[in-house]
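Chain by chain, the residues:
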Amino acid sequence: MFSAEEFIAAITQHIPDKHFQMVRYYGWYSSRSRGDRIKKGVLRPGDEPPQGENANEVIPL
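Figured I'd write up the structure that's included with this text. Values in this document were obtained by computation on a predicted structure and should not be read as measured data.

Scoring rules and cut-offs
Residues numbered from 1 in each chain as written. Predicted model: local features only at pLDDT ≥ 70, side-chain atom pairs only at ≥ 80, totals over all residues. Heavy atoms only, no water. Helix = DSSP H or I, 4+ residues; strand = E, 2+ residues; numbered from the N terminus. Buried < 20%, exposed > 50% of the residue type's maximum accessible area, 1.4 Å probe, protein only. Areas by Shrake-Rupley, 256 points an atom, 1.4 Å probe, with all protein chains shown as cover. Patch = residues over 30% accessible without salt bridge, like charges linked within 9 Å, V, L, I, M, F, W, Y side chains within 5 Å. Salt bridge = Lys/Arg side-chain N within 4 Å of Asp/Glu carboxyl O. Phe/Tyr/Trp six-rings, centres within 6.5 Å; stacked < 30°, edge-to-face > 60°. Lys NZ or Arg CZ within 6 Å of the ring centre and 35° of its normal. Polar contact = N/O pair within 3.5 Å; in protein donor to acceptor, adjacent residues only side chain to side chain.

1. Quick notes on the overall build of the protein chain
Of the regular secondary structure elements, the protein chain holds two helices and zero strands. Buried residues in the protein chain amount to 3% of all 61 residues. Counting every atom, the protein chain has about 6,100 Å² of accessible surface; 55% of that belongs to carbon and sulfur.

Written out as structure tokens, the structure is:
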């Protein structure tokens, strides 16, 4: 069992410092989004689609 003061001291250790970066990548650049695009074969913005005999291959990011 914790006393109230001990509990507050223990829980506040998990609060990040001011301006600490918690999430590095989100949206288009997140690991999940990149993995989903690789599975679907979606290109990065600005990439040209493949031409010729390799036109149906998935292009990894």
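Now that the structure has been shown, the text picks up again.
2. Side note on a nonpolar patch on the surface
A surface patch of nonpolar side chains, amounting to about 440 Å² of accessible area, comprises F2, F7, I8 and I11. Locating I11 in the fold gives a position in helix α1 (residues 4–12). The class of I11 is partly exposed, set by a relative accessible area of 44%.

3. Quick word on the packing of aromatic side chains
Both the distance between ring centres and the angle between the ring planes are used here to describe each pair of aromatic rings. Counted according to the given criterion, the structure contains zero aromatic pairs. Between R37 and the ring centre of W28, over which it is positioned, the NZ or CZ distance is 3.6 Å.

4. Points about the side chain of S30
Summarising the element assignment, S30 is placed in the loop between α1 and α2 (31–40). A polar side-chain atom of S30 sits 3.1 Å from the main-chain carbonyl oxygen of G27.

5. Concerning unusual backbone geometry
Backbone geometry places H19, a non-glycine residue, at a positive phi of 65°. Summarising the element assignment, H19 is placed in the loop between α1 and α2.

Just geometry here; none of it tells us what the structure is for.
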